[in-house]
Amino acid sequence: MINLRTVSVLADGLAAAWGRFPRDRFVEQSLAGLGGLELKARVAHVAAALHDALPLPYPQAAELIRECVRSGLTLDMWSGWPATEHTAGRGLDHLHEAMDTLAVLTPYATGEFAVRPYLERYRDDALKIMYDWAESPDEHLRRLASEGSRPRLPWAGRVGWLMTPGPTLPLLDRLRDDPSEYVRRSVANHVNDLAKDHPEAAIRLLARWRSDGGSHVEKVLRHAVRGLLRSGHPEALTLVGATPGSGAVEGLALEADTVSVGGKLAFTVTVTAGAAGPVLLKYAVRRTGSRRVFHLGQREATGPGETFTVRKSHSFRPVTTRDEPPGARELDVIVNGRVAATVPFTLIAAPGSLS
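Here's what I pulled together on the structure shown here. (Residues numbered from 1 in each chain as written. Predicted model: local features only at pLDDT ≥ 70, side-chain atom pairs only at ≥ 80, totals over all residues. Heavy atoms only, no water.)

### Observations regarding the overall build of the protein chain
Along the backbone of the protein chain there are 15 helices and eight strands. For the protein chain, the spread of C-alpha atoms along the three principal axes comes to 75 × 60 × 30 Å. The burial tally for the protein chain puts 49% of its 355 residues in the buried class. For the protein chain, restricting intrachain contacts to residue pairs at least 6 apart in sequence, the fraction spanning at least 24 positions comes to 66%. Per element, the accessible surface of the protein chain, about 16200 Å² overall, is 51% carbon and sulfur. (Helix = DSSP H or I, 4+ residues; strand = E, 2+ residues; numbered from the N terminus. Buried < 20%, exposed > 50% of the residue type's maximum accessible area, 1.4 Å probe, protein only. Contact = heavy atoms within 4.5 Å. Areas by Shrake-Rupley, 256 points an atom, 1.4 Å probe, with all protein chains shown as cover.)

Below you can see the structure in the form of structure tokens.
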């Protein structure tokens, strides 16, 4: 995605904003050696070329980047990301110019990674700017206020003080019922991050939001509490109306007790509700040293004794981010946070494999 086209888009915009911009040299330097790099390394490589092509004090370079966008250039995620990376690395001595630049770029290439060094160095001053972003009419800026300050933002460096609940709560309170689903999903993801380290604080926050009301509070709450539901947290289950540990598995059957790497494990489970209300169903695939939990379904029981049957196929398609060696496995079915049934099976090497 970082290639001649995207580099050229950025180059053309900067050349239009500054007649002395060495467009062709920037493109050539950006593309040299690009082919052997992975995504984030490609972004950093183009950002370094951008720095070399803008040998100006950062405030002037930042103004040219902002002018490039204001002039009507249509950037996208891939042409704009190197510009936000340039801001992250080159503007650290110039908080306001850098944050202004991210504010201009973020509708095209979200600045959540680039804002992290500023939160690390400037904490209160950077957070004050993000409070202002949370009041912006631009949904992209409001989303950046939440996303950039997430405690466990994927692919981003950790900012120690963000790992404790408190400083970002005013942002979340402001944005929890935002009219934009784009923003609300970020808020829910932010709370889900918080819940990984401070589950009780996340539960209290979500309970308060429910009490305060709002047009979208239930959907935000459900998405925000998903990690706690996956782990069977009793208070999270209660928060969504489920009775912790309630319900039983009446039958659990595998289509076959062996499955090949690359194949699917098909199973059928019959569940009886123990109480009225939501019946949250998860399943876990276990082997020595590994347990992964997945969503199986949710049913709404009108009362105890109601029965539901669910069919599912779990894929063992190989992926680069997860190793699945052949061997013994167990399948758990989890009902309202409690393992209610377990069955063994075996994962075998794919036909024709040398394993």
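Having put the structure on the table, let's press on.
### Some thoughts on the packing of helix α6 (residues 95-105) against helix α8 (residues 124-133)
Describing two packed helices takes the angle between their axes plus the distance from one axis to the other. Packing of α6 against α8 brings their axes to within 11 Å, and their N-to-C directions diverge by 30°. Viewed along their axes, α6 and α8 adopt a mutual orientation that is roughly parallel. Pair α6 / α8 crosses with right-handed handedness. Residues Leu 95, His 96, Met 99 and Ala 103 of α6 touch α8, and the partners they reach there are Asp 125, Ala 126, Ile 129, Met 130 and Trp 133. Counted by class, the contact of α6 with α8 contains seven nonpolar, one polar and one charged residues. (Axes fitted to C-alpha atoms, helices over the stretch in contact; angles between N-to-C directions. Parallel < 35°, antiparallel > 145°, perpendicular 65-115°, else oblique. Left-handed = near helix turned anticlockwise from the far one by under 90°. Nonpolar A, V, L, I, M, F, W, Y, C, P; charged D, E, K, R; others polar.)

### Some words on the side chain of Ser 8
You can see Ser 8 is positioned in helix α1 (residues 4-17). A residue is classified by how much of its surface remains accessible, and Ser 8, at 14% relative accessible area, is buried. A polar contact is formed between the side chain of Ser 8 and the backbone oxygen of Leu 4, at a distance of 2.7 Å. When near neighbours in sequence (up to four residues on either side) are disregarded, Ser 8 contacts Arg 23 and Val 27. (Polar contact = N/O pair within 3.5 Å; in protein donor to acceptor, adjacent residues only side chain to side chain.)

### Let's talk about unusual backbone geometry
Phi at Arg 123 takes a positive value of approximately 30°, unusual for a residue other than glycine. Checked against the element boundaries, Arg 123 lands in the loop between α7 (116-122) and α8. Classification of Arg 123 as partly exposed rests on a relative accessible area of 36%. Backbone geometry at Trp 155 places phi at a positive 75°, although glycine is not the residue there. By secondary structure assignment, the location of Trp 155 is in the loop between α9 (139-147) and α10 (169-175).

### Concerning the nonpolar core
One finds Met 99, Leu 119, Trp 133, Val 191, Leu 206, Trp 209 and Val 225 to be the most contacted residues of the largest nonpolar core, which totals 51 residues. Among the elements that take part in this core, helix α11 (residues 181-197) stands out by supplying six residues, more than any other. Setting aside residues no more than four positions away along its own chain, Met 99 makes contact with Val 115, Tyr 118, Ala 126, Ile 129, Met 130 and Trp 133. Ranked by size, the runner-up nonpolar core spans 31 residues in total, among them Ile 2, Leu 10, Ala 11 and Leu 64. (Core = buried A, V, L, I, M, F, W, Y, C linked by side-chain atoms within 4.5 Å.)

### Things to note about the pattern of salt bridges
Per the counting criterion, the structure on display carries 24 salt bridges. Here Arg 143 and Glu 112 are joined by a salt bridge, their closest N and O atoms 2.9 Å apart. Of this pair, Arg 143 sits in helix α9 while Glu 112 is found in the loop between α6 and α7, placing the two residues 31 residues apart along the sequence. For Arg 143, a relative accessible area of 12% puts it in the buried group. With relative accessibility at 8%, the residue Glu 112 sits in the buried group. Between Arg 208 and Asp 212 there is a salt bridge, and its shortest N-O distance comes to 3.8 Å. With Arg 208 and Asp 212 both in helix α12 (residues 199-212), this residue pair falls four residues apart, about one helical turn. With relative accessibility at 48%, the residue Asp 212 sits in the partly exposed group. Each of Glu 112, Arg 143, Glu 147, Arg 150 and Asp 193 takes part in a single network of salt bridges with overlapping partners. (Salt bridge = Lys/Arg side-chain N within 4 Å of Asp/Glu carboxyl O.)

From the geometry alone we can't say anything about function, so treat these as descriptive.
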